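Structure at a glance
Here is how the chains run, residue by residue.
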Number of protein chains: 6
Amino acid sequence: MRPSHRQPGELRPVTITRRYTRHAEGSVLVAFGDTKVICTASVEESVPSFLKGKGQGWVTAEYGMLPRSTHSRIKREAAQGKQSGRTQEIQRLIGRSLRAVVDLTMLGERQIVIDCDVLQADGGTRTASITGAFVALSDAVAGLIASGKLATSPIREPVAAVSVGVFGDTPVLDLDYLEDSGCETDMNVVMTGSGRFVEVQGTAEGQPFSREEMDALLDLASAGIRELITLQQQALAR
Amino acid sequence: MRPSHRQPGELRPVTITRRYTRHAEGSVLVAFGDTKVICTASVEESVPSFLKGKGQGWVTAEYGMLPRSTHSRIKREAAQGKQSGRTQEIQRLIGRSLRAVVDLTMLGERQIVIDCDVLQADGGTRTASITGAFVALSDAVAGLIASGKLATSPIREPVAAVSVGVFGDTPVLDLDYLEDSGCETDMNVVMTGSGRFVEVQGTAEGQPFSREEMDALLDLASAGIRELITLQQQALAR
Amino acid sequence: MRPSHRQPGELRPVTITRRYTRHAEGSVLVAFGDTKVICTASVEESVPSFLKGKGQGWVTAEYGMLPRSTHSRIKREAAQGKQSGRTQEIQRLIGRSLRAVVDLTMLGERQIVIDCDVLQADGGTRTASITGAFVALSDAVAGLIASGKLATSPIREPVAAVSVGVFGDTPVLDLDYLEDSGCETDMNVVMTGSGRFVEVQGTAEGQPFSREEMDALLDLASAGIRELITLQQQALAR
Amino acid sequence: MRPSHRQPGELRPVTITRRYTRHAEGSVLVAFGDTKVICTASVEESVPSFLKGKGQGWVTAEYGMLPRSTHSRIKREAAQGKQSGRTQEIQRLIGRSLRAVVDLTMLGERQIVIDCDVLQADGGTRTASITGAFVALSDAVAGLIASGKLATSPIREPVAAVSVGVFGDTPVLDLDYLEDSGCETDMNVVMTGSGRFVEVQGTAEGQPFSREEMDALLDLASAGIRELITLQQQALAR
Amino acid sequence: MRPSHRQPGELRPVTITRRYTRHAEGSVLVAFGDTKVICTASVEESVPSFLKGKGQGWVTAEYGMLPRSTHSRIKREAAQGKQSGRTQEIQRLIGRSLRAVVDLTMLGERQIVIDCDVLQADGGTRTASITGAFVALSDAVAGLIASGKLATSPIREPVAAVSVGVFGDTPVLDLDYLEDSGCETDMNVVMTGSGRFVEVQGTAEGQPFSREEMDALLDLASAGIRELITLQQQALAR
Amino acid sequence: MRPSHRQPGELRPVTITRRYTRHAEGSVLVAFGDTKVICTASVEESVPSFLKGKGQGWVTAEYGMLPRSTHSRIKREAAQGKQSGRTQEIQRLIGRSLRAVVDLTMLGERQIVIDCDVLQADGGTRTASITGAFVALSDAVAGLIASGKLATSPIREPVAAVSVGVFGDTPVLDLDYLEDSGCETDMNVVMTGSGRFVEVQGTAEGQPFSREEMDALLDLASAGIRELITLQQQALAR
């Protein structure tokens with residue numbers, strides 16, 4: 001039995017709220033249960049220096065947690081003077097995941113910066129971030145089309161993410177904090193609307209995992225992500 | 001006429017939402033019009049090293065803005081590797097303002113850390129932060145009393161803050177971003193429930209200001225803060 | 001009775017020594033009693049990047065304390081790898097105070113950098129810095145005029161600063177270290193030759209202060225600053 | 001055809017040289033073709049502060065590249081003042097991979113620090129690092145046993161790592177730099193002697209990958225790691 | 001002919017002013033011509049952690065230049081966030097030079113921190129710093145003896161420093177900025193009262209130097225330092 | 001008797017291995033006994049900004065030690081976020097030493113960056129670095145000539161370095177770690193093929209040293225460097 005009393009393949013209640021704040025070109029509050037993340041997309045009419053004059057755009061991401069988004073307060077990274085390894089790992093993952101579904105040449109010489117800031121954490125902040133960020137990115141791209149800066153969308157297909165893990169002996173979907181802490185294996189899966197993988201990151205927290213466990217986890221994640229992509233499409237249709 | 005069409009002495013609509021996030025001992029979303037700040041209070045059962053063994057507690061504050069809380073994206077301070085002078089100035093102000101109404105000896109050897117994170121900025125983020133932070137602090141203290149860790153409250157009286165400025169030739173209350181940008185003089189006032197000042201910070205942005213203007217601004221601020229303190233009390237009574 | 005045996009409205013002996021060091025375009029040693037600060041003004045024929053091509057100049061300031069300017073040695077900020085919040089607050093204040101009396105458009109596309117370095121501290125380092133910095137700035141501007149780079153002075157009027165505070169129950173002028181440590185309220189006032197305020201920063205160190213106390217402190221500061229401006233003019237006339 | 005003219009499932013020539021430098025408790029030069037990494041294991045008789053008094057040890061890793069280990073010189077991270085996100089990601093991966101096969105309680109309150117420094121890079125530096133680091137760790141543990149500090153080895157089983165990717169349409173093993181640059185998908189796999197996974201990190205560089213491709217890559221990686229573990233055992237037996 | 005019109009073996013006018021500032025246990029303004037440095041000695045009743053419990057003291061030094069001590073303004077190291085390599089090299093040299101004449105065991109478990117801050121630079125700041133620092137150190141030690149904390153002085157003999165160089169083809173003593181810029185070879189020599197060397201640092205700026213030049217430079221430096229030590233003793237006798 | 005049982009004027013076995021790694025334009029492993037350093041030379045077709053458009057090139061150096069090159073592990077500077085004062089001192093020395101034998105105008109507007117990374121330390125890492133770096137630099141220059149980018153070599157003559165010290169009462173050549181720790185005086189000498197000095201850095205670790213000792217040390221160093229230059233020439237001839 002999961003601590004959350006959910007079925008093995010059951011997502012937490014997921015809500016995706018668009019236009020959450022006023023200034024950003026895309027602004028989404030995504031909630032996976034008690035995990036809540038603001039994802040904003042900012043359009044900048046320039047590209048990083050390594051891309052100057054190459055005729056293509058860029059999508060990048062930054063991630064942060066409010067100091068008291070967690071059970072006990074974590075130190076503010078701005079006050080510490082650096083981002084932790086975990087933060088950098090997550091923001092690199094978010095950026096790669098989004099770039100995988102965007103035709104950067106079609107985007108033109110502009111950059112879309114995604115900021116994912118965790119208001120409240122209860123496990124799965126990186127997967128909620130990717131899932132919400134895709135919606136914010138879609139809104140920013142829609143704005144570029146509406147304003148005539150882009151003729152057609154450079155987004156090839158949707159992308160979303162979920163965590164899976166082996167809790168007890170059972171593979172389960174969308175781990176909350178309690179389940180995540182109790183898991184032997186933890187896997188984050190990023191998948192597109194066409195069912196292909198962008199990232200698969202499995203980590204044995206305790207016991208290494210077998211090929212059979214891995215297969216079961218991937219099945220669970222694929223089904224969960226299909227549900228998330230439906231929820232993204234519903235949010236974008238509203 | 002103010003850009004906001006408000007009367008000179010009229011506050012923006014103010015809302016104070018308690019228990020906004022789950023983990024913090026006090027968690028408040030404060031809105032001054034379109035300015036929205038999460039203020040959390042975290043209780044830590046230890047004090048900074050300069051107070052070890054002195055038989056008193058401490059209240060301190062940190063402040064940050066989400067990168068896209070503003071019209072155009074500002075760089076993330078955690079990625080920059082340092083907090084700006086403005087950020088440090090504001091967080092020092094918030095900390096001093098709250099300490100002014102707390103009996104630190106009565107608090108015991110513990111620290112309350114206030115985090116003010118701006119979700120959306122439209123002028124007055126520091127005054128909204130102080131006003132919301134007082135409510136978060138009150139909730140954290142109430143929790144200490146409820147759990148038997150404190151017998152009586154070390155909070156002596158409420159404290160709140162508002163900005164005032166000379167717009168055109170008229171002194172006006174609670175400047176939004178447009179008004180702030182167009183002001184000759186900008187003053188932030190922090191005042192207690194008993195009508196005494198904790199901080200008065202007046203700055204001539206353009207023209208230096210006369211003693212008469214200063215007097216008018218202080219009158220306006222005093223009235224505005226009295227309203228804010230009533231709103232704090234109503235929120236705390238809910 | 002003040003520890004310094006001064007009358008409530010009495011400044012410490014103030015000396016302003018011009019041409020204190022050789023290389024700077026303006027170089028002033030200012031002493032407010034035992035507080036001694038070197039203020040230099042450096043003219044740079046370029047502006048910060050945010051002003052490039054805008055047809056105006058800039059005045060900015062940096063502040064530091066020699067490690068043993070104080071009773072016990074403070075850590076060298078260069079060795080610590082960052083400037084403290086207090087340092088940044090002070091240098092921002094000095095810069096704003098000087099810009100308030102300079103017509104930046106008349107200055108042309110150049111920058112004047114003020115460096116205030118405290119050789120010996122005994123309270124009031126920021127007010128002595130502003131008072132000395134104005135004289136260094138004046139010398140630098142005079143040099144620009146003498147060399148034909150400027151036709152007329154962009155300085156609109158003099159500016160000086162002083163601290164005031166409530167010591168015991170008495171409002172007193174120009175706090176030294178002992179008085180500052182014993183004060184309930186501490187206010188720094190920056191005022192121009194025409195008697196208008198550029199900055200008023202009042203802080204309750206212990207007890208919040210009443211409107212009446214504030215009024216008395218402003219009266220005291222105004223009189224003190226008028227004296228300081230006379231001393232500046234005498235120094236500049238030598 | 002692979003640029004390296006290897007068969008799809010063929011490793012590069014792998015050499016593992018023990019006792020490569022004098023001072024470290026374990027010191028290994030590992031070469032995967034032209035990729036050469038020094039892996040040292042340093043035994044420290046203390047644990048990081050978060051483990052003090054918990055009766056267990058720790059294994060951690062740091063990673064670096066010599067500035068000219070690469071085709072064109074990369075900036076020295078020590079001179080830059082920080083480690084890149086990539087560096088942190090890799091050193092966290094190495095540390096987790098080794099901890100997965102060590103019983104930290106049996107290790108006692110001591111820490112083994114692994115340093116992986118790349119002398120020459122030609123793709124696969126992180127997988128070569130893990131593979132070499134395991135041998136250095138084994139030598140350090142053997143030293144603890146020889147000196148009587150440990151009675152039995154806390155190492156549960158060997159661990160090694162390899163990269164796989166889809167080059168053209170063919171899944172291939174152990175990518176060198178040229179192949180890595182030309183790959184659509186890149187996966188790093190860390191597996192134990194018993195054939196269970198510790199880490200699986202698959203990333204779509206260009207096209208997202210299908211479940212079938214993933215399965216083929218895992219098969220290839222499993223076979224490659226079995227070979228690498230044999231080579232580790234032969235090196236340790238010398 | 002030297003630009004300064006001095007004889008090859010002639011020092012600039014040297015002045016050593018004791019008790020220059022109030023708070024430090026030793027405070028000296030040293031001038032070598034237009035080069036002016038404040039040297040303070042601060043006594044701290046603790047030692048760095050690497051010496052705790054070893055029954056000996058420590059002498060260390062820090063060095064800085066005021067931003068406008070130089071012809072054109074140099075960036076403030078505190079604002080840059082780090083000390084330059086040159087700064088670190090100089091402060092390490094000052095510290096070693098003083099430790100060479102102090103019996104650290106006799107000093108007891110305390111530290112004397114020397115701060116050398118350049119008010120005005122005209123070549124030879126490091127040699128002026130060492131020469132002045134020795135006098136500040138002597139005053140601090142005298143204070144320890146006067147207060148009964150030390151019975152006898154741990155200073156074994158005086159130490160001073162001077163620069164020498166080959167200007168044109170002539171070896172000259174005590175280079176000012178103009179001479180230093182025009183020199184082929186630049187040597188800093190630190191010597192004790194008994195005529196033994198503590199540091200000799202010769203650097204070919206342009207042409208490498210011969211053994212004969214080196215011998216001539218050492219002769220010149222030895223004579224110069226003997227003069228400086230006489231000046232130190234005179235200052236200490238006042 | 002020296003701990004190493006060498007004669008006073010006897011170098012350790014020195015080996016110089018060219019083309020040690022693949023990518024750099026010059027790559028040398030130099031060993032002075034158990035001290036082993038990789039020296040690479042990287043040619044960059046641009047110069048630092050302070051030399052842009054001046055029609056000359058630049059040679060600079062960076063230095064590092066692998067964390068476990070030493071008896072006990074030292075902290076990785078990249079993880080610490082800064083280079084130590086010692087590191088900066090050494091890399092500045094290496095850079096100056098090489099520039100002393102290169103005609104920077106003949107080099108053209110390009111930069112050669114030397115990286116010296118210590119794989120194993122046993123005293124004399126800076127002198128081994130300089131000696132090896134000269135060979136790497138020579139190979140890089142030969143490459144520029146071979147590719148037609150340079151017509152003739154800008155290298156005027158060879159340069160090498162060695163340490164000398166007074167061990168017991170005997171001046172000895174090329175100190176290893178044990179001897180270095182036991183020395184009263186330590187001197188690093190950098191000399192050219194024509195027997196002229198580029199750098200002489202003598203430091204009294206314990207007792208200050210006399211002029212006679214200094215003379216004896218310079219004699220010893222000169223003879224040692226002549227041997228090293230012969231070894232460099234032999235290596236370059238292979």
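Residues numbered from 1 in each chain as written. Chains lettered and ligands numbered in written order. Predicted model: local features only at pLDDT ≥ 70, side-chain atom pairs only at ≥ 80, totals over all residues. Heavy atoms only, no water.

Taking an unreviewed UniProt entry as the reference, chain A is identified by name as Ribonuclease PH belonging to Chitiniphilus purpureus. According to UniProt, the comment filed for chain A under the heading Sequence similarities (unreviewed entry) is "Belongs to the RNase PH family." The annotation that UniProt attaches to chain A under Catalytic activity (unreviewed entry) is "tRNA(n+1) + phosphate = tRNA(n) + a ribonucleoside 5'-diphosphate". (UniProt positions renumbered as here; feature names shortened; annotations may be inferred.)

Once that is clear, we can look at the overall build of chain A. A tally of helices and strands in chain A yields 6 helices and 9 strands. Radius of gyration (C-alpha) of chain A: 18 Å, near the 18 Å computed for a compact globule of 238 residues. The principal-axis extents of the C-alpha atoms in chain A amount to approximately 55 × 40 × 35 Å. A separation threshold of at least 6 residues defines the contact pool for chain A, and within that pool the share at least 24 residues apart is 70%. Across chain A, 26 positive and 29 negative side-chain charges occur, with their mean positions spaced 7 Å apart. (Helix = DSSP H or I, 4+ residues; strand = E, 2+ residues; numbered from the N terminus. Rg over C-alpha atoms; globule rule 2.2 N^0.38 Å. Contact = heavy atoms within 4.5 Å. Lys, Arg positive; Asp, Glu negative; His and termini not counted. Charge placed at Lys NZ, Arg CZ, Asp CG, Glu CD.)

Below, the discussion takes up the arrangement of the chains. With respect to C-alpha atoms, chain C approaches chain D no nearer than 11 Å, and the pair has no contact. One finds no contact linking chain A with chain E; the least C-alpha distance across the pair is 11 Å.

Structurally, Leu66 of chain D is set in the loop between strand S4 (58–65) and helix H1 (77–80). Taking the C-alpha atoms as reference points, Leu66 of chain D and Asp117 of chain D, 51 residues apart in sequence, are found 7.0 Å from one another.

Here we take up the pairing of strand S1 (residues 14–18) of chain A. Residues and elements named next belong to chain A. Burial of the side chains of S1 is restricted to one face: Val14, Ile16 and Arg18 are buried, whereas none of Thr15 and Thr17 on the reverse face is. Sheet topology note: the S1/strand S2 (residues 26–32) ladder contains 5 bridges and is antiparallel. Residue pairing for S2: Thr15 is matched across the bridge by Ala31. (Buried < 20%, exposed > 50% of the residue type's maximum accessible area, 1.4 Å probe, protein only. Pairing = 2+ DSSP bridges.)

Turning next to the interface of chain A and chain B. Each partner contributes to the interface: chain A provides 36 residues, whereas chain B provides 36 residues. For the pair chain A and chain B, the two sides together bury roughly 2900 Å², of which 47% comes from carbon and sulfur. Ranking the residues of chain A by area buried against chain B places His23, Arg68 and Arg76 of chain A at the top, with a combined share of 26%. The tally of links from chain A across to chain B stands at 14 salt bridges. Among the ionic pairs, Glu62 of chain B bridges to Arg76 of chain A, the shortest N-O distance being 3.0 Å. For the pair chain A and chain B, the number of links is 25 residue pairs in polar contact (both at pLDDT 80 or more). Top contributing element to the side of chain A that touches chain B by residue count: strand S5 (residues 111–120) of chain A, with 6 residues. (Buried area = accessible area lost by both parts, 1.4 Å probe. Salt bridge = Lys/Arg side-chain N within 4 Å of Asp/Glu carboxyl O. Polar contact = N/O pair within 3.5 Å; in protein donor to acceptor, adjacent residues only side chain to side chain.)

The next point concerns the relation of the copies chain A and chain B. Once chain A has been moved 0.0 Å along the axis and rotated by 180°, it coincides with chain B to within an RMSD of 0.0 Å. Taken together, these values place the two copies in the relation of a two-fold axis. Both copies present the same face, since 100% of the interface residues in chain A are matched by interface residues at the equivalent positions in chain B. (Least-squares fit on C-alpha atoms with pLDDT ≥ 70 in both.)

Residue and element names in this part refer to chain E. The residue Leu220 is located in helix H6 (residues 211–237) in this model. Classification of Leu220 by relative accessible area gives buried; the value is 18%. Spatially, the C-alpha atom of Leu220 lies 21 Å from that of Val30, the residues being 190 residues apart in sequence. Apart from residues no more than four positions distant in its own chain, Leu220 is found in contact with Pro8, Gly9, Val164, Pro171, Val172 and Leu173.

This part is about the UniProt feature "binding site: phosphate" (unreviewed entry) in chain A. On the UniProt side, "binding site: phosphate" (unreviewed entry) is annotated at positions that read Arg86, Gly124, Thr125 and Arg126 of chain A here. Spatially, the listed residues are clustered: although they cover 41 residues, their C-alpha atoms lie within 13.3 Å of one another. Considering the arrangement of structural elements, one finds Arg86 of chain A in helix H2 (residues 85–99). Overall, the relative accessible area of 28% leaves Arg86 of chain A in the partly exposed class. Look past the residues within four positions of Arg86 of chain A in its chain and what remains in contact with it is Tyr63, Met65, Thr125 and Arg126 of chain A together with Arg92 of chain D. As for its placement among the helices and strands, Thr125 of chain A is situated in helix H4 (residues 125–146). The class of Thr125 of chain A is buried, set by a relative accessible area of 7%.

Before going further, it helps to examine the side chain of Arg126 of chain A. Residues and elements named next belong to chain A. Along the chain, Arg126 turns up in helix H4. The side chain of Arg126 is buried and forms no salt bridge, while Glu89, the nearest opposite charge, is found at 4.5 Å. Leaving out residues up to four positions away in the same chain, Arg126 has contacts with Arg86, Glu89, Ile90, Leu93, Asn188 and Gln201.

To continue, consider the sheet that holds strand S4 (residues 58–65) of chain F. Strand-to-strand pairing in sheets goes through backbone hydrogen bonds, with the strands running parallel or antiparallel. Residues and elements named next belong to chain F. A sheet is described by the order of its strands in space; here 5 strands give the open sequence S1-S2-S3-S5-S4, paired in mixed fashion. Each edge of the sheet is formed by a strand with only one pairing partner; in this case those strands are strand S1 (14–18) and S4. The sheet shows a mean angle of 15° between the axes of neighbouring strands, direction not considered. Sheet topology note: the S4/strand S5 (residues 111–120) ladder contains 8 bridges and is parallel. Among the inter-strand pairings, Trp58 is bridged to a residue of S5, identified as Gln111. Here helix H4 (residues 125–146) sits on the sheet in contact with S1, strand S2 (26–32), strand S3 (35–44), S4 and S5, set at roughly 35° to S3. Against the sheet, helix H6 (residues 211–237) engages S1 and S2, with an angle of about 30° to S1. (Axes fitted to C-alpha atoms, helices over the stretch in contact; angles between N-to-C directions.)

Attention now goes to the UniProt feature "domain: Exoribonuclease phosphorolytic" (unreviewed entry) in chain A. Residue and element names in this part refer to chain A. As recorded in UniProt, the sites labelled "domain: Exoribonuclease phosphorolytic" (unreviewed entry) are residues 10–140 and 158–223. The annotated region residues 10–140 carries 30% helix and 31% strand content, and the separation between its end C-alpha atoms amounts to 31 Å. Helix makes up 29% of residues 158–223 and strand 47%, with an end-to-end C-alpha separation of 15 Å.

Now for the nonpolar core. Of all hydrophobic cores here, the largest spans 134 residues; its most connected members are Ile112, Ile114 and Met214 of chain E together with Ile114 and Met214 of chain F. Setting aside residues up to four positions removed in sequence, Ile114 of chain F forms contacts with Thr40, Ala41, Val59, Thr60, Ala61, Glu62, Leu98, Ala133 and Leu137 of chain F. Counting residues in hydrophobic clusters, the runner-up holds 133 residues, among them Met214 of chain B together with Phe32, Val164 and Ala204 of chain C. (Core = buried A, V, L, I, M, F, W, Y, C linked by side-chain atoms within 4.5 Å.)

Right, let's get into the packing of helix H4 (residues 125–146) of chain B against helix H6 (residues 211–237) of chain B. Residues and elements named next belong to chain B. Running from amino to carboxyl end, H4 crosses H6 at an angle of 30°, the nearest separation of the two axes being 10 Å. The interaxial crossing formed by H4 with H6 has right-handed handedness. Contacts from Thr131, Phe134, Val135, Ser138 and Asp139 of H4 reach H6 at Leu228, Gln232, Gln233 and Leu236. Split by residue class, the contact of H4 with H6 holds 4 nonpolar, 4 polar and 1 charged. (Left-handed = near helix turned anticlockwise from the far one by under 90°. Nonpolar A, V, L, I, M, F, W, Y, C, P; charged D, E, K, R; others polar.)

This part takes up the packing of aromatic side chains. Given two aromatic rings, their pairing is described by the distance between the two centres and the angle made by the two planes. Under the definition given, this model contains 12 aromatic pairs over all chains. Taking 5.9 Å as the distance between ring centres and 45° as the angle between the ring planes, the aromatic pair formed by Phe197 of chain B and Phe209 of chain C counts as tilted. Of this pair, Phe197 of chain B sits in strand S9 (residues 197–204) while Phe209 of chain C sits in the loop between strand S9 (197–204) and helix H6 (211–237), on two different chains. Consider the rings of Phe50 of chain C and Trp58 of chain C, whose centres lie 5.3 Å apart with planes at 85°: the pair is edge-to-face. Judged by its relative accessible area of 46%, Phe50 of chain C is partly exposed. Judged by relative accessible area, which is 18%, Trp58 of chain C ranks as buried. (Phe/Tyr/Trp six-rings, centres within 6.5 Å; stacked < 30°, edge-to-face > 60°.)

All names here are of chain C. Mapped onto the elements of the fold, Val159 is located in strand S6 (residues 159–167). In this structure, the C-alpha to C-alpha distance between Val159 and Arg73, residues 86 residues apart in sequence, is 32 Å. The residues contacting Val159, other than those within four sequence positions of it, are Ser97, Leu98, Val101, Phe134, Val190, Met191, Thr192, Val198 and Gln232.

So, on to the pattern of salt bridges. This structure, assessed with the given rule, holds 122 salt bridges over all chains. Taking the shortest distance from any N to any O, the salt bridge between Arg110 of chain A and Glu45 of chain A comes out at 2.9 Å. With a gap of 65 residues between them, Arg110 of chain A in the loop between helix H3 (104–107) and S5 and Glu45 of chain A in the loop between strand S3 (35–44) and strand S4 (58–65) connect regions that are remote in the sequence. Between Glu179 of chain D and Arg2 of chain D there is a salt bridge whose closest N-O contact spans 2.8 Å. Taken together, the residues span a long stretch of sequence, with Glu179 of chain D in helix H5 (residues 177–181) and Arg2 of chain D in the segment before strand S1 (14–18) at a distance of 177 residues. Comparing Glu179 of chain D with Arg2 of chain D shows no difference in burial state: the two are buried. Look at the salt bridges and you will find they share partners, linking Arg2, Arg6, Arg12, Asp122, Asp174, Asp176 and Glu179 of chain A into a network.

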